[in-house]
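# Results of the structural survey
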Amino acid sequence: MRLLLVTVMVQSLQLWTGEWIALADDRTKVVHGTVNETVRLPLWHRIDGADSVFNVEWHVSKPNRTKTTILTYSPSSQAPFIVEPFKSRVTFCNSSAELTLSNLQRSDEGVYELEIKATDGKPYKSSVLLTVNVLVAIPQVEMVPEVPLVGDNVTLHCTSPQGNRVIYTWWRCDLPLSQGTDYRLSDDNRTLTVVGIQESHVGTYTCAAENLISRKHTELVVQLCRTTSPAQMDYEYFGYAGFPGYLGYILLIFFTCKWLKKRVEQGYNNKDAIYENQVGRNRSLCSPTTNRDLCNLEKHKRRVR
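Here's what I pulled together on the structure shown here.

Parameters and conventions
- Sequence order as written defines residue numbering, which begins from 1 separately in each chain.
- pLDDT decides what is reported in this predicted model: residues at 70 or higher carry local features, side-chain atom pairs at 80 or more are listed and counted, and totals for whole chains, interfaces and linings draw on all residues regardless.
- Heavy atoms throughout the structure, all of them, feed into the side-chain values; hydrogens and water do not.
- Secondary structure elements follow DSSP: runs of H or I of four or more residues count as helices, runs of E of two or more count as strands, with numbering from the N terminus.
- Burial classes: relative accessible area under 20% of the type maximum marks a residue as buried, over 50% as exposed, and values in between as partly exposed (1.4 Å probe, protein chains only).
- Only heavy atoms enter the contact rule, under which two residues are in contact if any of them lie within 4.5 Å.
- For accessible areas, the Shrake-Rupley method is used with a probe of radius 1.4 Å. Any residue's cover is judged against the shown protein chains and nothing else.
- The term disulfide is used for any two cysteine sulfur atoms that are within 2.5 Å.
- The criterion for an aromatic pair is that two Phe, Tyr or Trp rings (for Trp, the six-membered ring) have centres within 6.5 Å, with stacked assigned to planes under 30 degrees apart, edge-to-face to planes over 60 apart and tilted to the rest.
- Should DSSP find at least two bridges between two strands, the strands are taken to pair.

## Observations regarding the overall build of the chain
Looking only at helices and strands, the chain features four helices and 17 strands. Split into buried and exposed, the 305 residues of the chain put 31% on the buried side. Residue pairs at least 24 apart in sequence account for 60% of intrachain contacts in the chain once pairs closer than 6 positions are excluded. Of the roughly 20,400 Å² of accessible surface on the chain, 54% is carried by carbon and sulfur atoms.

Structure representation (structure tokens):
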């Protein structure tokens, strides 16, 4: 997994250092510094004394610029002569000719050359390429659309708010993602597009931002929005605490009880009306001309029934 990332970093360094090829030879070393920090350039030459070394010089070269002298030193003198722009930030070792540069700035990038002239006339030169880098910050990932449906093209855009020469890589389930049928990457690898997202694409995606001195990453869980059919929606709105809700249930119970009470009252009223009608009929049967005992007997039978 790391092999792909290392390969990309090496290729990026080769592309960037291409602009310095005219200023450095094949023996040039590379040192990666950090903004506002201190770096010691790994070039040195033992100075035995005034008899063997005549003069020591440090220079810096940049594209489209002439060579700039940083300092000059002679063993016969007590201290080196440092030019004004570097005077407060350069430390020189008299015994080894090493140079230390503090409070690095982006403008300090370049090819630094140590040139020593011996008393016998033989020159000695060595160079080092210094890069000045800014630490990357935790990248931010934006997903469009935020709630994708099955079949949508989902775009993930990753960016680090801080850092230089940042290289972006994408991972899913600890596996690197590359250009293919399901995934498309932008030229700078900042944007990843999931083509026609399906259930198999759901998972945790990781965007890693890395430069020559630091690495940060962030994760994003991609999920799908599942559509619901109308029949399922009707079913979901019914039931406990659903439609019609607590207030609806209370009103339903209230009106049901009221209706039942009304029905019971109507039943009592009907019974009273039937009883009165029955009594009227009994009275009509009992005329004065009929035998009173027979009428009373008939009324008794009707009551028993």
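## Comments concerning the state of the cysteines
Covalent bonding between the sulfur atoms of two cysteines is what defines a disulfide. Summed over all chains, the structure comprises one disulfide. One disulfide in the model links Cys158 with Cys207; its S-S distance is 1.9 Å. What sets the handedness of the Cys158 and Cys207 disulfide is the S-S torsion sign, and at about -90° it is left-handed. Residue Cys158 is found in strand β11 (residues 154-159), and its partner Cys207 is found in strand β16 (residues 203-210); the two are separated by 49 residues along the sequence. The same class applies to Cys158 as to Cys207, namely buried.

## Section: the packing of aromatic side chains
Throughout the structure, instances matching the rule amount to three aromatic pairs. Ring centres 5.3 Å apart and planes at 75° place the aromatic pair Phe254 and Phe255 in the edge-to-face group. For Phe254, a relative accessible area of 48% puts it in the partly exposed group.

## A few points about the sheet that holds β16
Strand pairing in a sheet relies on backbone hydrogen bonds. The paired strands run either parallel or antiparallel. Spatial ordering of the open sheet is given by β13-β12-β16-β17, a layout of four strands whose pairing is antiparallel. A strand with exactly one partner marks an edge of an open sheet, and here the two such strands are β13 (175-176) and β17 (215-222). As paired strands, strand β12 (residues 167-172) and β13 are joined by two bridges and run antiparallel to one another. Residue pairing for β13: Arg172 is matched across the bridge by Leu175.

## What to know about the environment of Thr38
Relative to the helices and strands, Thr38 is located in the loop between β1 (29-34) and β2 (39-41). With 62 residues separating them along the chain, Thr38 and Thr100 place their C-alpha atoms 7.2 Å apart. Non-local contacts of Thr38, meaning those with residues more than four positions away in its chain, are made with Thr100, Leu101, Ser102 and Asn103.

## Quick notes on the sheet that holds strand β3 (residues 53-61)
With mixed pairing, six strands are arranged side by side in an open sheet as β1-β9-β8-β3-β4-β5. Strand pairing shows two members of the sheet lacking a second neighbour, β1 and β5 (81-82), which therefore form its edges. Taken together, the six bridges between β1 and strand β9 (residues 123-133) define a ladder with parallel strand orientation. Directly across from Gly33, in β9, lies its bridge partner Val132.

## Overview of the side chain of Glu98
Note that Glu98 resides in the loop between β6 (90-92) and β7 (99-101). Residue Glu98 is classed as buried on the basis of its relative accessible area, which comes to 19%.

## What about the side chain of Ser96?
Relative to the helices and strands, Ser96 is located in the loop between β6 and β7. Not counting the four nearest positions on each side in its chain, Ser96 is found in contact with Trp44 and His45.

## A closer look at unusual backbone geometry
Omega for the peptide link from Val144 to Pro145 comes to -5°, which places this bond in the cis form. Take Pro145: it is sitting in the loop between β10 (140-144) and β11. Despite not being glycine, Asn103 shows a phi value in the positive range, around 50°. Classification of Asn103 by relative accessible area gives partly exposed; the value is 37%. Backbone geometry at Cys173 places phi at a positive 55°, although glycine is not the residue there. One can find Cys173 in the loop between β12 and β13.

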